[in-house]
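Examination of the molecular architecture
Chain by chain, the residues run as shown.
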Amino acid sequence: MEQETNKPHQKARREAPTLFSPINVGALRLANRIVMAPLTRNRAGPGFVPQDLNVEYYRQRASAGLIISEATQIAPEGMGYPDTPGIYSDEQVAGWRRVTDAVHTAGGQMVLQLWHVGRISHPSLQPGRQLPVAPSAIKPAGQAATYEGPQEFVTPRALAADELPRIRDQYREAARKARAAGFDGVEIHNANGYLLDQFLRDGTNRRTDLYGGTLENRMRFPLEVLKAVLEVWPAGRVGIRLSPSGTMNDMHDSDPKATFTAMVKALESYGLAYIHIMEALEADIRHGGVQLPISYFRSFYKGILMVNGEYDGLKAQAVVALGDADLVSFGRLFLANPDLPARLREGLPLNVPDPRTFYGGGAAGYTDYPAWAQRTDSPRP
Ligand code: 8OZ
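Residues numbered from 1 in each chain as written. Predicted model: local features only at pLDDT ≥ 70, side-chain atom pairs only at ≥ 80, totals over all residues. Heavy atoms only, no water.

The ligand sits among Thr40, Ala71, Tyr81, Trp115, His189, Asn192, Tyr194, Met248 and Tyr359. Histidine 189 is positioned such that a nitrogen or oxygen atom in its side chain is 2.7 Å from an oxygen atom of the ligand. Contact between the ligand and asparagine 192: an oxygen atom at 2.8 Å from a side-chain N or O atom of the residue. The protein chains hide 83% of the 300 Å² of surface that the ligand would expose on its own. (Near = heavy atom within 4 Å. Polar contact = N/O pair within 3.5 Å; in protein donor to acceptor, adjacent residues only side chain to side chain. Areas by Shrake-Rupley, 256 points an atom, 1.4 Å probe, with all protein chains shown as cover.)

Written out as C-alpha cells, the structure reads:
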C-alpha cells in the first residue's frame, strides 16, 4: 500500500498515505514521513563546533525520513543561548561534516536549520558585549538564558536598513557552508520569535521604512534572506519554518491570520521543498495565540506541508491520512526514542523524555535513550 506522490493535495482515487509511505519532498526522496524536529540541546563543543557526542546523537536518529538539525547560528551575533552550534567557521563546517557523514552512512538525510536569534540574546552572549539587534528597539518580556544563568532581556538595537544586506549575506554564506558540510538541504528558521519572525510580525516590527508597516514590507527581509539562500541551494532543498500561533519569546501580531496567510501565499511561487508549520501549543492558547491549524494552510497551499506540535503516533497518522499534512516532525518523542519510526510502526512502547536533560549537559539524556532492540531488563519507564 506504499505509494509515491509529490502532489499530496490530489487525494482522489489514491490510497491514503501512512506515516511509512515514502514521499518526494522537493529534490529529496524520504523513506517515511516521520521527521526529527529541530531541537536546541546546548551541547556543542569549544568554538560552537559539533563534537563526537553530537555525531553519535544524530547518527542514532538516522531512521527518520529527514533530520532537521538543531537551530544553528549563522554568525556570532546570531547566538542567544549557551553552547549552540554555529555554521560560520571552517571548524564548524568540519564538525558538521562528521555529523552528515554519520547520518548518511546510517541511511538518513539531514538538513541544517539556519538561525539568527535577533533580540532573543544578551550582551554577555554577544561579541564585544554589544547589544542584540532587532527590527525595532522593543525589549522582550522575560529572561535570556546566559552562561551566568537567566538574566533579564535588554532593549535591542534597531537595525539600520543599510545593515540588512550584511545579515542577508551571512545567511547566504552560512547556507553555502551547509553545502560544504554535506547537508541535504537547509531550513530557514522563520519561527518562534527569532530575527526573521521579529521582522514578519507587527508586535516586534514598528519600522517605518521599506522593512516595516505593510505586510509586504514586513515580509521583505525574510524573503530577501530566502532569495539569498536560493542563490546557493536549489529550491527543492530549501524549507522554511513558521509559527503562526506561537507566543514563545513574547511574540504577538495584531492579525496573525492575515500575516501568515500572506506569507504562505508569498512562499508558494518559490517551489520550496516544504513549509514547516508549528500549530498552537497549549501554552500558546493560554498566552492568547490564535489557532491556525495545518488544515487551514492546506486549504490553499499546494506544496509539501510539514506539521509540528505535540503530535503522537495516532494523531500523526490521522493528519497524514487525511492529507492535511505530508510530513510530521516530532521533537520530544524523537529526543527520547532514537528509533522512533520503528517504534511507531510496530506499536512499541515509547521512552519518556526527561526535561531535566533537555538543555545542556553530556551524554545523559542525550545519547543514552535506548533503542527498543538495545533495551535492558529495566528500560526507562
Ligand atoms: C528551546 C530552547 C532554546 C531555543 C526554538 C531554537 O524554539 C529554539 C529553542 C527552543 O526554535
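All right, on to the nonpolar core then. One finds Leu114, Val229 and Phe330 to be the most contacted residues of the largest nonpolar core, which totals 81 residues. Those residues in contact with valine 229 that sit more than four places away from it in its chain are Leu114, Tyr171, Ala175, Val186, Ile188 and Val238. Leu66, Ile68, Ala273 and Ile304 belong to the second largest nonpolar core, which has 13 residues in total. (Core = buried A, V, L, I, M, F, W, Y, C linked by side-chain atoms within 4.5 Å. Buried < 20%, exposed > 50% of the residue type's maximum accessible area, 1.4 Å probe, protein only. Contact = heavy atoms within 4.5 Å.)

Once that is clear, we can look at the environment of tryptophan 372. With respect to the element layout, tryptophan 372 can be found in the segment after α11 (340–346). Separated by 22 residues in sequence, tryptophan 372 and leucine 350 have C-alpha atoms that sit 8.6 Å apart. For tryptophan 372, the contacting residues outside a window of four places in its chain are Asp339, Arg343, Leu348 and Pro349. (Helix = DSSP H or I, 4+ residues; strand = E, 2+ residues; numbered from the N terminus.)

On to the packing of aromatic side chains. Throughout the structure, instances matching the rule amount to 13 aromatic pairs. Between tryptophan 115 and tyrosine 194 the ring centres are 5.3 Å apart and the planes differ by 85 degrees, which places this aromatic pair in the edge-to-face class. Within this pair, whereas tryptophan 115 is found in strand β5 (residues 110–115), its partner tyrosine 194 is found in the loop between β10 (185–189) and α4 (195–200), the two being separated by 79 residues in sequence. Both rings, one in phenylalanine 358 and one in tyrosine 359, keep their centres 6.1 Å apart while their planes meet at 85 degrees; by these two values the pair is edge-to-face. By the ring-pair criterion, three or more aromatic residues cluster together here, those being Tyr57, Tyr58, Trp96, Phe183 and Tyr366. The lysine or arginine in question, arginine 179, covers the ring of tryptophan 233, its NZ or CZ lying 5.1 Å from the ring centre. Against the face of tryptophan 372 rests arginine 375, its NZ or CZ located 3.8 Å from the ring centre. (Phe/Tyr/Trp six-rings, centres within 6.5 Å; stacked < 30°, edge-to-face > 60°. Lys NZ or Arg CZ within 6 Å of the ring centre and 35° of its normal.)

For strand β4 (residues 66–73), the buried fraction is high: eight of the eight residues fall into the buried class. Sheet topology places strand β3 (residues 34–36) next to β4; two bridges connect them, and they run parallel. Note that in β4 the partner of valine 35 across the bridge is leucine 66. Bridging between β4 and β5 involves five bridges; their strand directions are parallel. Each bridged residue has a counterpart across the sheet, and for threonine 72 the counterpart in β5 is leucine 114. Crossover connection from β4 via helix α2 (residues 90–105) to parallel β5: handedness right-handed. (Pairing = 2+ DSSP bridges. Right-handed = clockwise from strand over helix to strand, strands pointing away.)

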